[in-house]
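# Analysis of the macromolecular model
Now for the letters of each chain:
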Amino acid sequence: MNAPAAQPAPGDAAARAGRQAEVVAALAPLLPAHALLWQPEDTTPYECDGLTAYRERPLAVALPETEAQVAALLKACRALRVPVVARGAGTGLSGGALPHALGVTLSLAKFNRIVRIDAYSRTAVVQCGVRNLAISEAAAPLGLYYAPDPSSQIACTIGGNVAENSGGVHCLKYGLTLHNVLRVRGFSVEGEPVVFGSDALDVPGLDLLPLVVGSEGMLAVITEVTVRLVPKPQLARCVMASFDDVRQAGDAVAAVIAAGIIPAGLEMMDKPMTAAVEDFVRAGYDLDAAAILLCESDGTPDEVAEEIGRMTEVLGRCGATRLEVSRDEAQRLKFWSGRKNAFPASGRISPDYLCMDSTIPRKRLADILLAIQQMEQQYGLRCVNVFHAGDGNLHPLILYDANDPDQLARCERFGADILETSVRFGGTVTGEHGVGVEKLNSMCVQFSPEERALMLAVKRAFDPLELLNPGKVIPTLHRCAEYGKMHVKKGLLPFPELERF
């Protein structure tokens, strides 16, 4: 097996300039002049994704317009042993599209065409740069839509959704990206065409589609995706349930699922978050509640009426102090507009925020909320919380000021504490935002050295030189050892996994 490429040190300005000139000279003949950027003022807009706390400028940004250009670019970069970081809309929240200081950022923004929509097979074939919401907008005249709906769906692209295995407020019933994608087409690091999955019900040979979905750009560059479309329900109604105790709210989530009800959406927000959202969009939330749940039912009118009745009965039995069912479609959308605007609402009350993304068993929702409240005191920072409660996916938003290095450091420790507490509660460090660079240390907590070695072996099977999005997702042994030593020095050994250090 070939060793990973040797690179000059990122801090060596002269060596970096020489490497940049070499890369630009190799790529310039492969792309139109306007499709290759390398001047600082042109590459600065690409220096981070939605995780703005970490920034880096690449040697160059390539914006290919055809698949032939993508293939040629990958071949040239491999020949030069130059790292390549694929980028969609840049809405990711874990630093998955953070540039490599000695690499090329491959923007796929120009691959924004809907190839075809097939009403009979209920599928859509789209290029990777098509926005999530644009798929549903194009399928709407046929009475169909694409179910996964991240809060950033007006901007995020389907290629990025595949890379992160994104979910959304309706993923409880309709599944994550993985459950709604049939086929992915793209290129290997060598610039060779590759296909994962199939339009048919099965695939010949190994089914590698589940491996690629959620691989964060480390295995291949995706250019085209075939997604599954579902019929728009005849009716949808949403229940807003208020609770004066977060434990009762958390227990209510588990009780709904235990009753055999699978809502179309089941979301939870704490009091600070509802206050921020209500001030922003006037969604009609109960500002006196310690926590609110949004529980949606969709289907035929009879199905919705029956399920709403069952849900309200369970919620009332669990201690809901107020139950409000959406009167019409306008109010239902208003309820959800609050949830969908949780992130921008948080941006109005704080200079910066760090959005975490762990997953825990539903029965521990109240435990994690109470633990986060204690952490607020410990780290001296506020945290507002919104959860995909139905599947236990947490999105605590830690509020801080990035202009204050001490606040940033405390924010990072706060976030790591949330992730590691989630692991201790039987969960995982990520649900849908990916690992990127943000959760590298926390991967040391969840996975053993043997498990991480297996992950690295999978990457090297696709990418022997480790050129595709290197330095992300899988922490090195050295990094984990240093992280473990840091915990020991602080007297922190909350997890058996860390005792090996």
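The present account deals with the structure reproduced in this document. From a predicted model like this one, the values you see are computed outputs, not experimental measurements.

For the rest of this paragraph, the subject is the pattern of salt bridges. Side chains bearing opposite charge may pair, as long as their charged atoms lie close to each other. Enumeration over the complete set of coordinates arrives at 26 salt bridges. Arg317 is paired through a salt bridge with Glu313; the nearest N and O atoms lie 3.7 Å apart. With a gap of 4 residues between them, Arg317 and Glu313 both fall in helix H10 (residues 301–317), about one helical turn apart. Judged by relative accessible area, Arg317 falls into the exposed class, the value being 58%. Notably, a salt bridge pairs Arg410 with Asp406, separated by 2.8 Å at the nearest N-O pair. With Arg410 and Asp406 both in helix H14 (residues 405–424) and 4 residues apart, this pair spans about one turn of that helix. A network of salt bridges, in which partner residues are shared, links Glu67, Arg183, Arg185 and Glu224.

Attention now moves to the state of the cysteines. Per the stated rule, a full pass over the model turns up 1 disulfide. Two residues share a disulfide in this structure: Cys444 and Cys480, whose sulfurs sit 2.1 Å from each other. The chirality of the disulfide connecting Cys444 with Cys480 is left-handed, given an S-S dihedral of about -80 degrees. Of this pair, Cys444 sits in helix H15 (residues 440–446) while Cys480 is found in helix H17 (residues 477–489), placing the two residues 36 residues apart along the sequence.

So, on to the pairing of strand S6 (residues 123–127). When you tally the buried positions in S6, you get 5 out of 5 residues, the bulk of the element. Burial along S6 is two-sided: Thr123, Val125 and Gln127 and Ala124 and Val126, pointing in opposite directions, are all buried. Relative to S6, strand S5 (residues 114–118) runs antiparallel, the two being bridged by 4 bridges. Its bridge partner lying in S6, Ile114 is registered against Val126. Connecting S5 to the antiparallel partner S6 that follows it, the hairpin turn spans 4 residues, and Arg122 within it adopts a positive phi of roughly 55 degrees. Sheet topology places S6 next to strand S10 (residues 221–228); 5 bridges connect them, and they run antiparallel.

Looking now at the environment of Leu206. Residue position: Leu206 is located in the loop between strand S9 (193–197) and helix H7 (209–212). Residues Leu206 and Asp279, spaced 73 residues apart in sequence, show a C-alpha to C-alpha distance of 51 Å.

Here we come to helix H8 (residues 246–258). Between its first and last C-alpha, H8 extends 19 Å over 13 residues, near the 18 Å set by a 1.5 Å rise per residue. Those residues of H8 that fall on the buried side of the exposure criterion are Val246, Ala249, Gly250, Ala252, Val253, Val256 and Ile257. Taken down its axis, H8 places every buried residue within 150 degrees of arc, on the same side. Buried residues along H8 sit against helix H6 (171–174), strand S12 (235–243), strand S13 (265–270), strand S14 (291–299), H10 and helix H13 (365–379). By the N-cap criterion, in which a side-chain oxygen at the helix start approaches the backbone nitrogen of a residue two or three places on, H8 is capped by Asp245, the distance to Arg247 being 2.9 Å. Downstream of H8 by a residue or two, Gly260 has a phi angle that is positive, lying close to 85 degrees.

Each value, and the rule that gives it
Residues numbered from 1 in each chain as written. Predicted model: local features only at pLDDT ≥ 70, side-chain atom pairs only at ≥ 80, totals over all residues. Heavy atoms only, no water. Salt bridge = Lys/Arg side-chain N within 4 Å of Asp/Glu carboxyl O. Helix = DSSP H or I, 4+ residues; strand = E, 2+ residues; numbered from the N terminus. Buried < 20%, exposed > 50% of the residue type's maximum accessible area, 1.4 Å probe, protein only. Disulfide = S-S within 2.5 Å. Pairing = 2+ DSSP bridges. Expected span 1.5 Å × (residues − 1). Arc of directions from axis to C-beta. Contact = heavy atoms within 4.5 Å. Polar contact = N/O pair within 3.5 Å; in protein donor to acceptor, adjacent residues only side chain to side chain.

Without other data, these values stay purely geometric and don't point to any function.
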